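# Summary of structural features
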Amino acid sequence: MSKQAYMRVENIEKKFGPFIALGGVDLSVYPGEVHALLGDNGAGKSTLIKILSGVHQPSSGSIYIEGAKREFRNPRDAAAAGIGTVYQDLAINQLMSVTRNFFMGRELTSRFGSLRMDEMNQIAHDEMLKIGIDFSDPTQAVGTMSGGQRQTLAIARAIYFGAKVLILDEPTSALGQKQQMEVLKTIKRVRARGDIAIIFITHNEIHSRLIADRYTFLALGKVIGSGTKAELEGEDIRRLMAGGAEIKDLEQELSAI
Amino acid sequence: MSERSESDRLQREGWLQRMLRRPEIGSFIVMVLIITALAIASEGKAFNALGLKNNIAIISQLGIIAVGAALLMIAGEFDLSIGPMIAFAGMSIAVMMKWGLPFGLGEATPFLAFLITLAMTLAFGWIIGNIVVRSGLSSFIVTLAFWFFLRGLTEVCFRLINQNTNVSGLPDFKKESWFAEQMGGEVFGWLFDAWYWIGTKVSAGLEFTGDMTKSEKLDLINYLSFLNINRKMEQWVTGFDARLFWFILIAGVAWYVLARTQLGSWIYATGDNKESARANGVPVNRVKIGLFMFSAFCATIFATCQVFDTNSSDAAKGMFKELEAIAIAVVGGILMTGGFGSIVGVIFGAVTFGLVANAVFFIPWIDGAWFRVFVGTVLLAAVFANERIRKRITGGI
Ligand SMILES: Nc1ncnc2c1ncn2[C@@H]1O[C@H](COP(=O)(O)OP(=O)(O)OP(=O)(O)O)[C@@H](O)[C@H]1O
Ligand SMILES: [Mg+2]
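Residues numbered from 1 in each chain as written. Chains lettered and ligands numbered in written order. Predicted model: local features only at pLDDT ≥ 70, side-chain atom pairs only at ≥ 80, totals over all residues. Heavy atoms only, no water.

## Details of the overall build of chain B
Check the secondary structure of chain B and you find 16 helices and four strands. The burial tally for chain B puts 51% of its 397 residues in the buried class. For chain B, restricting intrachain contacts to residue pairs at least 6 apart in sequence, the fraction spanning at least 24 positions comes to 77%. Here chain B has roughly 19200 Å² of accessible surface; of this, 66% comes from carbon and sulfur atoms. (Helix = DSSP H or I, 4+ residues; strand = E, 2+ residues; numbered from the N terminus. Buried < 20%, exposed > 50% of the residue type's maximum accessible area, 1.4 Å probe, protein only. Contact = heavy atoms within 4.5 Å. Areas by Shrake-Rupley, 256 points an atom, 1.4 Å probe, with all protein chains shown as cover.)

## Observations regarding the layout of surface pockets
Looking at the second largest pocket, its volume works out to about 710 Å³. Mapped onto the lining of the second largest pocket, the elements with two or more residues apiece are helix 2 (75-80), strand 6 (83-86) and helix 5 (147-160) of chain A together with helix 12 (274-279) of chain B. Looking at the lining of the second largest pocket, its residues break down into 14 nonpolar, ten polar and seven charged. (1 Å grid on protein atoms, 1.4 Å probe; cavity = no way out; pocket = protein on both sides within 12 Å on 5 of 7 lines; lining within 4 Å. Points joined across faces, edges and corners; volume = space filled by probe spheres on them. Nonpolar A, V, L, I, M, F, W, Y, C, P; charged D, E, K, R; others polar.)

## Re the side chain of Ser81 of chain B
All names here are of chain B. The residue Ser81 is located in the loop between helix 3 (49-74) and helix 4 (82-99) in this model. Polar contacts involving the side chain of Ser81 include one to the side chain of Asp79, which spans 2.6 Å. In this structure, Ser81 is in contact with Ile128, Thr143, Phe146, Trp147 and Leu150, ignoring residues within four places of it in sequence. (Polar contact = N/O pair within 3.5 Å; in protein donor to acceptor, adjacent residues only side chain to side chain.)

## Focus: the pairing of strand 6 of chain A
Residue and element names in this part refer to chain A. With burial as the criterion, each face of strand 6 is covered, one bearing Ile83 and Thr85 and the other bearing Gly84 and Val86. Sheet topology places strand 6 next to strand 7 (residues 165-169); four bridges connect them, and they run parallel. Directly across from Gly84, in strand 7, lies its bridge partner Leu166. (Pairing = 2+ DSSP bridges.)

## Comments concerning the site of ligand 1
All names here are of chain A. Surveying the vicinity of ligand 1 reveals 13 residues, the closest of which are Asn41, Lys45, Ser46, Thr47 and His203. At 2.8 Å, a backbone N or O of Gly42 approaches an oxygen atom of ligand 1. A distance of 2.8 Å is found between an oxygen atom of ligand 1 and a side-chain nitrogen or oxygen belonging to His203. Protein contact buries 62% of the 640 Å² of open area that ligand 1 shows by itself. Going through the elements one at a time, strand 2 (19-29) and helix 1 (45-52) are the ones with two or more residues in the shell around ligand 1. A total of three residues in the shell around ligand 1 trace back to one element, the largest contributor, which is helix 1. Tallied by class, the residues present in the shell around ligand 1 amount to four nonpolar, six polar and three charged. (Near = heavy atom within 4 Å.)

## Quick word on empty space enclosed by the protein
Residue and element names in this part refer to chain B. One pass over the structure, following the stated rule, counts one cavity of 30 Å³ or more. Empty space within the largest cavity amounts to approximately 40 Å³. Together, Ile86, Gly90, Ala303, Gln306, Val307, Ser312, Ser313 and Lys317 line the largest cavity. Counting residues per element, the ones that place at least two in the lining of the largest cavity are helix 4 and helix 13 (284-310). With three residues, helix 13 is the single largest residue contributor to the lining of the largest cavity. Partitioning the lining of the largest cavity into residue classes produces three nonpolar, four polar and one charged.

## Focus: the environment of Arg243 of chain B
Residue and element names in this part refer to chain B. Considering the arrangement of structural elements, one finds Arg243 in helix 10 (residues 242-260). Arg243 gets classed as buried once you look at its relative accessible area, which sits at 6%. Considering only alpha carbons, one finds Arg243 and Ile301, 58 residues apart in sequence, at a separation of 8.7 Å. Leaving out residues up to four positions away in the same chain, Arg243 has contacts with Ala57, Ser60, Gln61, Ile64, Met183, Cys305, Gln306 and Asp309. Side chain to side chain, Arg243 and Asp241 meet in a polar contact 2.7 Å long.

## As for the domain arrangement of chain B
Domain annotation for chain B reports domain 1 (41-188 + 242-393) and domain 2 (190-238). Each of domain 1 of chain B and domain 2 of chain B was reduced to a C-alpha centroid, and the two centroids are 38 Å apart. (Domains from an automatic or database assignment.)

## With respect to the sheet that holds strand 8 (residues 197-201) of chain A
Residues and elements named next belong to chain A. Strands sit in the order 6-7-8-3-9-10 across an open sheet of six strands; the sheet is mixed. Two strands bound the open sheet, and with one partner strand each, they are strand 6 and strand 10 (222-228). Ignoring strand direction, the axes of neighbouring strands in this sheet form an average angle of 15 degrees. Helix-sheet contacts for helix 5 involve strand 6 and strand 7, and the interaxial angle to strand 6 is about 170 degrees. (Axes fitted to C-alpha atoms, helices over the stretch in contact; angles between N-to-C directions.)

## Some thoughts on the environment of Arg214 of chain A
All names here are of chain A. Secondary-structure assignment places Arg214 in strand 9 (residues 214-219). For Arg214, a relative accessible area of 13% translates into the label buried. Each C-alpha atom of the pair Arg214 and Val190 lies 16 Å from the other, and the pair is 24 residues apart in sequence. Side-chain polar atoms of Arg214 contact the side chain of Glu33, separated by 2.8 Å.

## Some thoughts on the sheet that holds strand 4 (residues 60-65) of chain A
Residue and element names in this part refer to chain A. The sheet built from four strands is open, its strands ordered 2-1-4-5 with antiparallel pairing. For this open sheet the edge positions go to strand 2 and strand 5 (68-70), each flanked by a neighbour on one side alone. Strand-to-strand twist of the sheet, defined as the mean angle between neighbouring strand axes without regard to direction, takes the value 30 degrees.

## Focus: helix 3 of chain B
All names here are of chain B. Across its 26 residues, helix 3 extends 36 Å between first and last C-alpha, which sits within 8% of the 38 Å expected from 1.5 Å per residue. Taking burial as the measure, the 26 residues of helix 3 include 23 buried ones, the bulk of the element. One or two positions beyond helix 3, positive phi appears at Gly76, with a value near 90 degrees. (Expected span 1.5 Å × (residues − 1).)

Structure (structure tokens):
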């Protein structure tokens, strides 16, 4: 353990009324690594990252950024601490241009509130080029972009605005094969920069194997396994993804129907 | 192997193609058709000096409220309270001008009456906005409630204070009050003066051209009077209604804000996808509340111009104006679902509507009710056209 974790969370609990969505979760993320967060539907993955990005407040537990304890009361706090979240729905506005989306809520303005449009166009273009797509006309509406390109836009935006932890909630789930690969390539390019920690949520075992350095498995709101790629053996991953059930048991159950 | 990149897939478009793809193109074409048809059917009368003045008065009037309605629609909300807000503001100003300031604070000046009224209408806008963003209810229903509330309140106030549902025969404040003149008076008189000057020069020049017969000259002068370059044969017109100034100002500011400022981006973002805008730090609620207040502001300007123009007001003022404002916005290319549209389109829409509403004065054989038939037809066509644009942008076609 030579590297220092950029962000560490300890014993995070989240209750929605009587329902325990998260029952004490630990997680550490390191710069230049992809941390895959895996688990069945309803395991609590989205709830966890909403806490990390300040949308929900945990019922108990602590978040540490570079060793210092922090509290995120709202998404702004989290963003200021370097948490950049790309939500499942991407938080993108289809009818607006690439540039306006890129700078949404953080527009560059001159003294009288007018937009520095040329500069913004240039930055949007350059930043997207850095992680893989050359979009010649950033004044085009996002609605005309492919799903993979939109993902890239959302990622480029998060990085440009200072994300040190990039959280991707199922970035490949709604995409076709080729576009999934595009997104994985984008994630790899971000990883290669070395200064950004990536949390990658997915249901796809193959995708996680392709790019993850470290894994955490959630089931029913608890961590049922975690470790680096080397620590976890292949068979293990599949078992943990199924929520800890043995594949043999599943096979038996299926054949009994 | 040659590398193909994403940018190669986007074809370079020519100037004309770009223009044809603009969302305002539909409303522009309709406007040009209407202008042409009206010029022919009225034998030019619609666009002589007096015709222009009358047409521009109603265009500006409709345009002022349509801009307010349009910004709000871009942010994803409706305001059905525009008409009653006009009646309320008109009542408030007229009553104060007749009976003095509330609580026996003495005589009202036009400006003071306007300010107090504006404070009230902005407060109503603020309340409507807050109810909409806090309750999450559809603005359609909330502003419908305010439609009844304000219409009723206006009439009640009229009867309580003035024992009548109107105030009429106020003195003409334009003479003594600069403010009243700015609202209800005339502007751009120099335009008509310049026009007249050109007319006299041209007709004077004609006197000296020898190679034309007398009757040819007369024909030409007649023809020029159709354009009214020489106003000798027409009614003397000294300027446009002051509304034109307010329309230009409000539309200009709205255009600049939408196209060039951060606030403009926030308005689009709010109407397009509220949740994603919020996630990116756009103060969605404040944007909406502010736009409800802006819509109330536009209605108040409308009413103030009306009161100081006619020196009267009554409880039925602003009838159907909310529907006309929304219709103009839609015809101008504003999406019913929000997030898209431009002020230029709204201006085209206002011109079209104003001309058609006024057409009956210039074409005597036409039945005025055709106006509504026309509005209905164009509105439906516009909704279809807008839907096509939305699908094109979001990748549906
Ligand atoms: N706001 C809420 N109120 C009540 N219960 C909630 C709320 N948000 C989530 N839950 C519950 O918490 C559990 C975890 O949900 P979560 O969205 O975190 O799952 P997930 O692991 O992201 O699943 P998926 O893979 O389907 O995205 C679910 O049972 C869900 O119903
Ligand atoms: Mg989820």
